[in-house]
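So you can see what is in the structure, the chains are spelled out below.
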Amino acid sequence: MAAPEQTARESIDRLLRDAGWVLQDREHLDRNASLGVAVREFPLPGGHADYLLFVAGKAAGVVEAKKSGVTLSGVAEQSEKYMGQLPSHLASWDESLVFDYETTGDETYFRNMRDPVPRSRRVFAFHRPEILLEWLQQRETLRARLRHMPPIDGRGLRDCQDEALHGLETSLAADRPRALIQLATGAGKTFTACSFSHRLIKEARAKRILFLVDRNNLGDQTLKEFQAYQPPGTANRFTDTYIVQHLSGARIDPDAKVVITTIQRLYSVLRGKELSVEEEDRSAFEGWQADGEDVPLAYNPALPIETFDFIVTDECHRSIYGLWRQVLEYFDASIIGLTATPSKHTLGFFNQNLVAEYPYERSVVDGVNVGYEIYRIRTHVTENGGRVETDEAGFQVPVRDKRTRKVRYEQLDADLEYTAKELDRSVVNPNQIRTVLQTYKDRVFTELFPDRTGDWLPKTLIFAKDDNHAEEIVHAVREVFGEGNSFAKKITYRNTGEDPKSLVKAFRVDPFPRVAVTVDMIATGTDIKPVEVLIFMRDVKSEGYYEQMKGRGVRTIPDADLQAVTPDAKTKTRFILIDAVGVSESKKTASQPLERKKSVSFDALVEQVAMGRRDEDALSSLAGRLAILDRKLDDEDRARIAEVTSGKSLRDLANGLLDAIDVDKQQAEIEARHGPAPSQEQERLVIEAMVEAACRPFDSPAARTLLTDIKQKTDIVIDEVTSDSLVSASFDVKRAEETITSFKKFIEENRDELTALQILYNQPQGRQRLTYASIKELVQHLTDPPLYLTTANVWQAYKRLDAAKVRGAPVDEQLTEVVSLVRFALGQTDTLEPFASAVEQRFNLWMGREKRAGRDYTSEQEDWLRTIASFIAANAEIAPRDFQDVPSLADKGGILQARKVLGPRLNDMLDDLLGALVA
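Residues numbered from 1 in each chain as written. Predicted model: local features only at pLDDT ≥ 70, side-chain atom pairs only at ≥ 80, totals over all residues. Heavy atoms only, no water.

**Overview of the environment of G484**
By the element assignment, G484 lies in the loop between α16 (467–480) and β22 (488–490). A sequence separation of 263 residues divides G484 from I747, and the C-alpha atoms of the two residues are 52 Å apart. (Helix = DSSP H or I, 4+ residues; strand = E, 2+ residues; numbered from the N terminus.)

Below, the structure written as structure tokens:
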């Protein structure tokens, strides 16, 4: 048995060779034998270096080797005694060595002494000699250049994007290895990434940036963003200057400055595996998640660790914590995360280094996104399940094969009772689906969008449980709304005959389809601004995923673009979340991907093994499930399996997996190959080979698809008997109550702090008047964190609680509307109406008093007075200078014409008007 030190040296030698280094013993020294030469046990004044690294014939670095298990944090100091005392006759790049590595073969740390603050960092493997030569020839290191970036040109940037760039560059200058940027959906995360990518490439001279996306269609979207991005002060677009590659195969363009890919594809490339299109199109929110032990990635010479200087992870949710985490940590690169919904796990992964924070609530206040309301639909079957009752023995029900969708009829000997959880999984009730959709149809233009003509259903996105459920919903939508196929489309991975990307584009920019039904494909990331209604016909337990799904409705859209797809719409001021399953009420959890799951579905287990999971629990579990499935097969399925597995049966596959993890079988194979005294390395390689051979059949996409299809060849009963009825359908008033409570609490707590509230609370009418500045101060405090209370949201909340007392809607961008809210909340008015309406009523009363006082006005004078009143309604005050500065007043002739028309009493008249209209 080899000693631990010898085992470590064998592992280190292999890592060096894999990275392109030629290994030599001291007595066989030829420092020019290759670009990179690693000489073992090289004597230096400070002692014998375990390995001295020569680059282009000159000493450049040292490797300090330790046995496995040794902690390395203090070993770098030991390396320094070798690095700083070089003999004068030794050809070297500097007076002292530049690079030092500390490694056990299992763990490696690296330090570049030319960095501003040299700090050891963990690396997956050794760098290639070529990259060390490139670094040696540079005047400054990347980390030094990051400390001297030119000022950011803020043209074209939103404030939140500008803050993100400054926060990121401050973090990078401090050599923080991971940085997280939180920008609300719709705030322009990808545009921000384009901006900092351009600066990192142009100013910091980054070699290459990796941009990881959740799904392939989001990669298309990201590529378009880079193609459209024109850096400020330049005449060309980004892609006119730099190559941006959307990776579709295994080869990375050596000239590419930005590489866009899914993390699934990159993992497959590192492992030398093929990846099917469907696997790359599935979101990591619902796709593969590591459980148990992950098979470590091995070094891939075709994709060395220095391939990327920076990695950008878009929507960095749970997919980065399990298997995929290895992909991120493989490269010697700084990691920049982009997310709208950071979880505690995300913050943990990024070392709590949140460099910019722009939450959804703030984006609504700023007009970047719109708010939403929840409309809850409850039906009897959705809440309680159903029961198919048999009047007599032999009763038959339709049964559909999930895989083929072929319907047959089977005899039902007893009543079939199913729960709400089983609905649309093992039992589908078309009446329940129709009841939900009929309720939506009946209420959409009476309660949800009463101002619409009813000719155009708002763009509606429906979330289904699975592909079969989505299919049922699409047909039901067309039936309930009495429309043709173009009205409603299914957009999932299993679309047949229609390109999902084309359907997404049509849903975004064309009048039809009006309704899209999806499971996961456009649940996250996909930008579809015209969507005004989300219908959840599936529950979601992940808080992050739920927030992402809600984000499909938050985007603002220019009025003209909205009307191009929904002609009777005016302005998108909100979206409606229709909850038909209790998704807004169910308990949500932050995903915990680092915890081992107690059970994994067959589909997930097959996919995990294909992706590289090799722990004994997984292989024995899969073997057992294959054996069970084998007993249920018919001859047709057995033949199909043999066709895609080179003649193997499920029993053969199961036995192969069990043999690969059987200790006795492993030992017999080891002795057969290497005799009775193999090394640890030889044992490891034999066991790995056995396991890989047993798992190889699952590398085939065709085999995996067939196995999962056959496993899913379960039946779904179609309940045509149980009718469904509406239990209730109404807006969720809980959020409205919480909003009003927060608003009232705020004005009570700040009644003595804010001038506007002091006036509205305490001053007798006419004693002290509101000013635009005091109202602006009030609005600012309301919209600041943590309240984020916009006038529109509070107004809408009052409307939900007591619609009879609310008239009209607040005028956008008119701060004085908050005055009406405060007065209504304090009980000073019986109805809540736009401030301009109240001012108009008061103006008419004032004109009546003027007439009774014997002061009649000409039509020209009244026109001037009404213009003045409109200005007061928007600003709460007016001064003589406004007659020159405000277009509506200046265009009428300004202060000179006003005095000419209204006479010398103008100043007194203005003071009187302010008292009557605002105080």
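Once the structure has been displayed, the description carries forward.
**Points about the pairing of strand β15 (residues 371–379)**
In terms of burial, β15 is a largely internal element, 8 of the 9 residues being buried. Sheet topology places β15 next to strand β25 (residues 574–579); 6 bridges connect them, and they run parallel. Along β25, the bridge assignment pairs Y372 with F575. Note that β15 and strand β27 (residues 726–731) share 5 bridges and pair antiparallel. By the bridge assignment for β27, R378 is matched with S728. (Buried < 20%, exposed > 50% of the residue type's maximum accessible area, 1.4 Å probe, protein only. Pairing = 2+ DSSP bridges.)

**Overview of the sheet that holds strand β13 (residues 334–339)**
Pairing is parallel in the open sheet, where 7 strands are placed in the order β10-β11-β9-β12-β13-β8-β14. Looking along the sheet, the strands with just one partner apiece sit at the ends: β10 (243–246) and β14 (354–358). Direction aside, neighbouring strands of the sheet carry axes that sit 15 degrees apart on average. Of the strand pairs in this sheet, strand β9 (residues 209–213) and strand β12 (residues 310–314) are connected by 4 bridges, and their pairing is parallel. Within the sheet, the bridge partner assigned to F211 lies in β12 and is V312. Contacts between helix α9 (residues 263–270) and the sheet are confined to β9 and β11 (256–262), with β11 contributing the most and set at about 105 degrees to the helix. (Axes fitted to C-alpha atoms, helices over the stretch in contact; angles between N-to-C directions. Contact = heavy atoms within 4.5 Å.)

**Observations regarding the sheet that holds β27**
Pairing is mixed in the open sheet, where 7 strands are placed in the order β22-β23-β21-β24-β25-β15-β27. Every interior strand has two partners, whereas the edge strands, β22 and β27, have only one. Direction aside, neighbouring strands of the sheet carry axes that sit 15 degrees apart on average. The sheet contact formed by strand β24 (residues 533–536) and β25 spans 4 bridges and is parallel. The partner of V533 across the bridge, within β25, is I576. Where helix α15 (residues 430–448) meets the sheet, it contacts β15, β21 (460–463), β24, β25 and β27, and its direction lies at approximately 135 degrees from that of β15.

**Quick word on the state of the cysteines**
Applying the stated criterion across every chain, the model contains 0 disulfides. Looking at C160, it has no disulfide partner, and the nearest cysteine sulfur is the one in C194, 15 Å off. Looking at C160, the relative accessible area reads 6%, which means it is buried. (Disulfide = S-S within 2.5 Å.)

**Digging into the nonpolar core**
Ranked by size, the top nonpolar core spans 58 residues in total, and within it F743 and Y798 carry the most contacts. With 54 residues, the next largest nonpolar core counts A19, L53, Y101 and I263 among its residues. (Core = buried A, V, L, I, M, F, W, Y, C linked by side-chain atoms within 4.5 Å.)

**Quick notes on unusual backbone geometry**
A cis amide bond, omega 5 degrees, links F512 with the succeeding residue P513. Here the residue pair P785 and P786 is connected by a cis peptide bond, since its omega of 10 degrees sits within 30 degrees of zero. With respect to the helices, strands and loops of the structure, P786 is situated in the loop between α29 (772–783) and α30 (791–801). You will see that A56, though not glycine, has its phi angle at about 55 degrees, which is positive.

**What to know about helix α37 (residues 906–917)**
A turn of α-helix holds 3.6 residues, and therefore any two residues three or four places apart point the same way. The terminal C-alpha atoms of α37 lie 16 Å apart, and with 12 residues this matches the ideal 16 Å at 1.5 Å per residue to within 8%. If you check which residues of α37 are buried, you get L906, M909, L910, L913, L914, G915, A916 and L917. (Expected span 1.5 Å × (residues − 1).)

**Brief notes about the packing of aromatic side chains**
Applying the stated criterion across every chain, the model contains 28 aromatic pairs. Look at Y101 and F126: their rings are 4.9 Å apart centre to centre, the planes differ by 65 degrees, and that puts the pair in the edge-to-face class. Here the residue Y101 occupies a position in strand β5 (residues 99–103), and F126 occupies one in the loop between β7 (121–123) and α3 (129–136), the gap between them amounting to 25 residues. For F126, a relative accessible area of 1% translates into the label buried. Geometrically, the ring pair formed by F463 and F536 is tilted, given 4.8 Å between the ring centres and 50 degrees between the ring planes. A residue pair is termed long-range when its members are at least 10 positions apart, and F463 in strand β21 and F536 in strand β24 qualify at 73 residues. (Phe/Tyr/Trp six-rings, centres within 6.5 Å; stacked < 30°, edge-to-face > 60°.)

**Side note on the confidence of the model for the protein**
The pLDDT averaged across the protein works out to 86; a share of 91% of its residues lies at or above 70. Contacts from residues 285–293, a stretch scored under 50 in pLDDT, to residues over four places away or in other chains number 38 contacts. Overall, residues 591–598 carries pLDDT values under 50, and its contacts beyond four positions in sequence, including any with other chains, amount to 18 contacts. (pLDDT = per-residue confidence, 0-100.)

**Quick notes on helix α33 (residues 859–875)**
Under the 1.5 Å per step criterion, the end-to-end length of α33 is 24 Å for 17 residues, consistent within 8% with the ideal 24 Å. Along α33, the residues that are buried comprise Q861, W864, L865, T867, I868, A869, F871, I872, A873 and N875. Next to the buried residues of α33 lie α29, α32 (835–852), α34 (882–885), α35 (887–890), α36 (894–902) and α37. Following α33 by one or two positions, A876 adopts a phi angle in the positive range, close to 70 degrees.

**Things to note about the side chain of R613**
Structurally, R613 can be placed in the loop between α20 (602–611) and α21 (616–630). Polar contacts involving the side chain of R613 include one to the side chain of Q608, which spans 2.6 Å. Here D615 takes part through its side chain, which lies 2.6 Å from a polar atom of the side chain of R613. (Polar contact = N/O pair within 3.5 Å; in protein donor to acceptor, adjacent residues only side chain to side chain.)

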